[in-house]
Amino acid sequence: MIQWVKPTVALVESIAADMRQADAEEVWASNHHSPLESMMKGWELSDVSTVAINDNGEPLVMIGLVKRDVLTGSGVVWMLGADRAMKHKKEFFRQTKPIINEMLTICPRLCNMVHSKNMNSILWLKWLGFTIDEPIPHGPDDELFHRFHLERSR
């Protein structure tokens with residue numbers, strides 16, 4: 001069973017210490033940040049954030065939303081997870097749809113970039129209904145990233 005709770009420093013540090021390899025590679029390729037640096041910065045910039053924990057209270061993933069443009073209503077959605085989250089993949093998939101739908105009530109257009117090598121994240125985004133664009137060079141090393149986006153249904 002997964003529960004969603006308010007982030008704390010301890011929860012964020014625990015996810016960062018056990019970050020999925022694909023997520024760690026993505027945050028490095030995107031901006032040369034360490035897992036902890038990236039999570040702390042994401043948390044600080046987010047208008048909305050939540051952490052999924054398992055029955056043992058272990059944090060699995062953190063999801064955040066940064067309101068980007070008040071005029072267009074766009075926001076940057078992000079998610080970083082621990083390796084242990086993969087044991088709860090099916091339930092996690094099911095429970096994130098309502099969170100994304102809630103974020104769409106705050107920002108009617110969600111977007112961000114995903115590393116082209118981060119296949120589990122790309123599959124999750126497609127399952128949620130995001131459009132995945134063709135890869136483009138991004139970040140300090142010009143690695144390939146896909147822009148992804150989703151708009152609220154009218």
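Every value quoted in this text rests on a predicted model; they were computed, and no experiment measured them. (Residues numbered from 1 in each chain as written. Predicted model: local features only at pLDDT ≥ 70, side-chain atom pairs only at ≥ 80, totals over all residues. Heavy atoms only, no water.)

## Some details on the environment of Asp47
Link 1 in the chain: Tracing the chain through its elements places Asp47 in the loop between helix 3 (35-45) and strand 2 (48-53).
Link 2 in the chain: Spatially, the C-alpha atoms of Asp47 and Thr105 are 13 Å apart, while their sequence positions differ by 58 residues.
Link 3 in the chain: Those residues within four positions of Asp47 in sequence are excluded, and the remaining contacts are Leu65, Val66 and Lys67.
Link 4 in the chain: Here Lys67 takes part through its backbone nitrogen, which lies 2.6 Å from a polar atom of the side chain of Asp47. (Helix = DSSP H or I, 4+ residues; strand = E, 2+ residues; numbered from the N terminus. Contact = heavy atoms within 4.5 Å. Polar contact = N/O pair within 3.5 Å; in protein donor to acceptor, adjacent residues only side chain to side chain.)

## Some points on the nonpolar core
For soluble globular proteins, the rule of thumb is that nonpolar side chains tend to be buried together.
Link 1 in the chain: Core analysis: the largest hydrophobic core is formed by 25 residues, its most contacted members being Phe92, Ile100, Met103, Leu110 and Phe130.
Link 2 in the chain: Sorting the residues of this core by element identifies strand 3 (59-69), strand 4 (74-81), helix 4 (89-106), strand 5 (109-115), helix 5 (119-128) and strand 7 (143-151) as the ones contributing at least two each.
Link 3 in the chain: In terms of residue count, helix 4 provides more of this core than any other element does, six residues in total.
Link 4 in the chain: Not counting the four nearest positions on each side in its chain, Met103 is found in contact with Val48, Ile63, Gly64, Leu65, Val77 and Leu110.
Link 5 in the chain: Core analysis: the next-biggest nonpolar cluster, separate from the first, contains 14 residues, Ile15, Met19, Ala24 and Val27 among them. (Core = buried A, V, L, I, M, F, W, Y, C linked by side-chain atoms within 4.5 Å. Buried < 20%, exposed > 50% of the residue type's maximum accessible area, 1.4 Å probe, protein only.)

## Remarks on the packing of helix 4 against helix 5
Link 1 in the chain: As a packed pair, helix 4 and helix 5 sit with axes 10 Å apart at the nearest point and diverge in direction by 50 degrees. Classified by the interaxial angle, the pair formed by helix 4 and helix 5 is oblique. Of the two possible hands of crossing, helix 4 and helix 5 adopt the one that is right-handed. Together, Lys89, Phe92, Phe93, Arg94, Thr96, Lys97 and Ile100 of helix 4 and Asn120, Trp124, Trp127 and Leu128 of helix 5 make up the contact between the two elements. (Axes fitted to C-alpha atoms, helices over the stretch in contact; angles between N-to-C directions. Parallel < 35°, antiparallel > 145°, perpendicular 65-115°, else oblique. Left-handed = near helix turned anticlockwise from the far one by under 90°.)

## Focus: the pairing of strand 7
Link 1 in the chain: Bridging between strand 5 and strand 7 involves seven bridges; their strand directions are antiparallel. When the sheet's bridge partners are listed, Met113 is paired in strand 7 with Arg147.
Link 2 in the chain: Pairing between strand 6 (residues 131-138) and strand 7: six bridges, direction antiparallel. Directly across from His138, in strand 7, lies its bridge partner Glu143.
Link 3 in the chain: The hairpin turn running from strand 6 into strand 7, its antiparallel successor, is four residues long, and Gly139 in that turn takes a positive phi close to 85 degrees. (Pairing = 2+ DSSP bridges.)

## Looking at helix 3
Link 1 in the chain: Within helix 3, burial applies to Ser38, Met39 and Gly42. Viewed along the axis of helix 3, the buried residues span an arc of 95 degrees, placing them on a single side of the element.
Link 2 in the chain: Tucked into the core, helix 3 has its buried residues touching helix 1 (9-17), helix 2 (21-31), strand 3 and strand 4. (Arc of directions from axis to C-beta.)

## Let's talk about helix 1
Link 1 in the chain: Taken as a whole, helix 1 has its buried residues at Leu11, Val12, Ile15 and Ala16. End-on, the buried residues of helix 1 take up no more than an arc of 135 degrees, which puts them together on one face. Facing away from the buried side of helix 1, by more than 90 degrees, are the exposed residues Ala10 and Ala17.
Link 2 in the chain: Structurally, helix 1 contributes buried residues whose contacts are with strand 1 (3-5), helix 3, strand 2, strand 3 and strand 4.

All we've got here are geometric facts, nothing functional implied.
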